[in-house]
Amino acid sequence: MLNAPIPLEPEYSTRLVNLQVDRGLSNVPTAYLVTATLERSDGFTSSTVDTVQTRYVVGRDGARSAVRHLMGLSLKGDSASQAWGVMDVLALTDFPDVRCKAAIHSAEEGSMLIIPREGGYLVRLYIELDKLALDQRVSNLNITSDRLVEAARRILNPFTLDVKEIAWWSVYEIGQRLCERFDDIRSGHGDEHHPRIFVAGDACHTHSPKAGQGMNVSMQDAFNLGWKLASVIRGRAVRKSYRPMQASDMLSQ
């Protein structure tokens, strides 16, 4: 968001500091067993602490999820050893298919994806950059937008690319990571308690941003979890047995 055409940095003035589930009160699915502790600070007054009682908590708070951290879970996996750049550009080129979706694989300079943007003017370029060394992170490479343009030109050669304006750009590395479970019930405890805290989206799985993979899977598991929780709260669904929610449950429904 900071590299967007209009840089934005969200400030919610609220931070989740603790989650507690009182398993001793009741196992009724609609009971208010979860206590969320929130620290508030609007920058003008001193910090205050609020507590909220709720039936369920769903953490859709990104790859650095505070909800997942408080559940004692972590994302596990590896990053691909490859840096990529992406930019939305207004450009002149003699490449004939610039207004079509295209994948270009050059002999020696890597690959590039072309995605025309809506409106008929801008085009999005996904550009393969350098291989990363072990434990190297793209954030430490100080890659500039000029470097993306030069890489795109090398890949597109012998066609020309004259970039007139860059509306937005970013660089990233591909990380495929997954949480060992998506709720607060440990393996072997499913017959004793109902799950009360869940994670979804990037909070429990991260993907390559290409083709909206992370966005689409996140929408899918949010919809899947949402209608099930609503059915439980309305008394339309009763659980007789339970096992911890696994990755295959979210991704296959």
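Up top is the structure.
1. Focus: the pairing of strand β2 (residues 34-40)
For step 1, the next point in the chain: The sheet contact formed by strand β1 (residues 14-21) and β2 spans seven bridges and is antiparallel. When the bridges of β2 are listed, Asn18 appears paired with Thr37.
For step 2, the next point in the chain: Taken together, the seven bridges between β2 and strand β3 (residues 48-54) define a ladder with antiparallel strand orientation. Bridging from a neighbouring strand, Leu38 pairs with Asp50 of β3.

2. Examining the environment of Cys100
For step 1, the next point in the chain: Note on placement: Cys100 falls in the loop between β5 (75-93) and β6 (102-105).
For step 2, the next point in the chain: When the C-alpha atoms of Cys100 and Ile115 are compared, they prove to be 6.9 Å apart, with 15 residues separating the residues in sequence.
For step 3, the next point in the chain: Among residues more than four places away in sequence, those in contact with Cys100 are Ile114 and Pro116.

3. Some points on the environment of Val123
For step 1, the next point in the chain: As for its placement among the helices and strands, Val123 is situated in strand β8 (residues 123-131).
For step 2, the next point in the chain: Overall, Val123 belongs to the buried group, its relative accessible area being 6%.
For step 3, the next point in the chain: Measuring from C-alpha to C-alpha, the distance between Val123 and Ala167 comes to 9.9 Å, with 44 residues separating the pair along the chain.
For step 4, the next point in the chain: Aside from chain neighbours lying at most four places away, what touches Val123 is Met87, Asp88, Val89, Val98, Arg99, Ile114, Ile115, Pro116 and Arg117.

4. Some remarks on the pattern of salt bridges
For step 1, the next point in the chain: All chains considered together, the criterion is met by 10 salt bridges.
For step 2, the next point in the chain: With its nearest N and O atoms 3.8 Å apart, the salt bridge here joins Arg60 to Asp221. Of the two residues, Arg60 sits in the loop between β4 (57-59) and α1 (66-70) while Asp221 sits in helix α3 (residues 213-233), which places them 161 residues apart along the sequence.
For step 3, the next point in the chain: Arg60 gets classed as partly exposed once you look at its relative accessible area, which sits at 45%.
For step 4, the next point in the chain: Given the relative accessible area of 0%, Asp221 is considered buried.
For step 5, the next point in the chain: The partner of Arg124 in a salt bridge is Asp88, with the nearest N and O atoms 2.7 Å apart. Of this pair, Arg124 sits in strand β8 while Asp88 sits in strand β5; the two residues are 36 residues apart in sequence, bridging distant segments of the chain.

5. Some details on unusual backbone geometry
For step 1, the next point in the chain: For the bond running from Asn157 to Pro158, omega is 20 degrees, close enough to zero to count as cis.
For step 2, the next point in the chain: When you line up the elements, Pro158 lands in the loop between α2 (145-156) and β9 (161-179).

Reading the values: rules and limits
Residues numbered from 1 in each chain as written. Predicted model: local features only at pLDDT ≥ 70, side-chain atom pairs only at ≥ 80, totals over all residues. Heavy atoms only, no water. Pairing = 2+ DSSP bridges. Helix = DSSP H or I, 4+ residues; strand = E, 2+ residues; numbered from the N terminus. Contact = heavy atoms within 4.5 Å. Buried < 20%, exposed > 50% of the residue type's maximum accessible area, 1.4 Å probe, protein only. Salt bridge = Lys/Arg side-chain N within 4 Å of Asp/Glu carboxyl O.

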